[in-house]
Amino acid sequence: VFITKQVEHFGFVESLEREISRIKRLELMDVDFVINNRYLTINKDHALILFRTVQECINNVIKHSKAKKFF
């Protein structure tokens, strides 16, 4: 429920930035993140699906890879 509200309130891009900040703050992995379109307009339902997909990918990299940095 929290993630749903976060994506609805902040949008996809800012929610993703917040997730990356959390990962950096917890020192889970060094993340290099570049956004080309900060003002991306996306349907809130699609934004939530996309955010959760990206979040799962990031979590899988952290959990299963031996990488020190995520680009």
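Engineer: Can you walk me through helix 1 (residues 2-25) in this structure?
Structural biologist: Given 3.6 residues per helical turn, the α-helix brings residues three or four places apart onto the same face. Helix length check: helix 1, at 24 residues, gives a terminal C-alpha distance of 19 Å against a target of 34 Å (1.5 Å per residue), a shortfall beyond 12%. Of the positions making up helix 1, those classed as buried are Ile3, Gln6, Val7, Phe12, Val13, Ser15, Leu16, Glu17, Glu19, Ile20 and Ile23. Positioned one or two residues after helix 1, glutamate 27 has a phi angle of 55°, which is positive.

Engineer: Before we go on, may I ask you to explain the environment of phenylalanine 70 in this structure?
Structural biologist: Here phenylalanine 70 lies in strand 2 (residues 69-70). Taking relative accessible area as the criterion, phenylalanine 70 reaches 21% and is therefore assigned partly exposed. Along the backbone, phenylalanine 70 and glutamate 56 are 14 residues apart, and their C-alpha atoms lie at a distance of 14 Å. Sequence-distant contacts of phenylalanine 70, that is, excluding residues within four places in its chain, are made with Met29, Asp30, Val31, Asp32, Ile58 and Val61.

Engineer: What's the story with the packing of aromatic side chains in this structure? I'm lost.
Structural biologist: The relative placement of two aromatic rings is captured by the distance of their centres and the angle of their planes. The full count for this structure, using the stated rule, is zero aromatic pairs. Positioned above the aromatic ring of phenylalanine 10, the side-chain terminus of arginine 18 is 3.6 Å from the ring centre.

Engineer: Explain unusual backbone geometry to me, please; I cannot follow it from the model alone.
Structural biologist: The phi dihedral of glutamate 27 is positive, around 55°, even though this residue is not glycine. Relative to the elements of secondary structure, glutamate 27 occurs in the loop between helix 1 and strand 1 (30-31). The class of glutamate 27 is exposed, set by a relative accessible area of 71%.

Engineer: Explain the side chain of glutamine 6 to me, please; I cannot follow it from the model alone.
Structural biologist: For glutamine 6, the position within the fold is in helix 1. Relative accessible area serves as the criterion here: at 10%, glutamine 6 is assigned to the buried category. Sequence-distant contacts of glutamine 6, defined by excluding residues within four places in its chain, comprise Gly11, Ser15, Arg18 and Phe51.

Engineer: I tried to follow the confidence of the model for the protein chain on my own but got confused; where do I start?
Structural biologist: A low pLDDT means the predicted coordinates there should not be read in detail. Mean pLDDT over the protein chain works out to 90, with 99% of the residues at or above the 70 mark. When mean pLDDT is compared element by element in the protein chain, helix 2 (residues 44-64) scores highest at 93, while strand 2 scores lowest at 82.

Criteria and thresholds
Residues numbered from 1 in each chain as written. Predicted model: local features only at pLDDT ≥ 70, side-chain atom pairs only at ≥ 80, totals over all residues. Heavy atoms only, no water. Helix = DSSP H or I, 4+ residues; strand = E, 2+ residues; numbered from the N terminus. Expected span 1.5 Å × (residues − 1). Buried < 20%, exposed > 50% of the residue type's maximum accessible area, 1.4 Å probe, protein only. Contact = heavy atoms within 4.5 Å. Phe/Tyr/Trp six-rings, centres within 6.5 Å; stacked < 30°, edge-to-face > 60°. Lys NZ or Arg CZ within 6 Å of the ring centre and 35° of its normal. pLDDT = per-residue confidence, 0-100.

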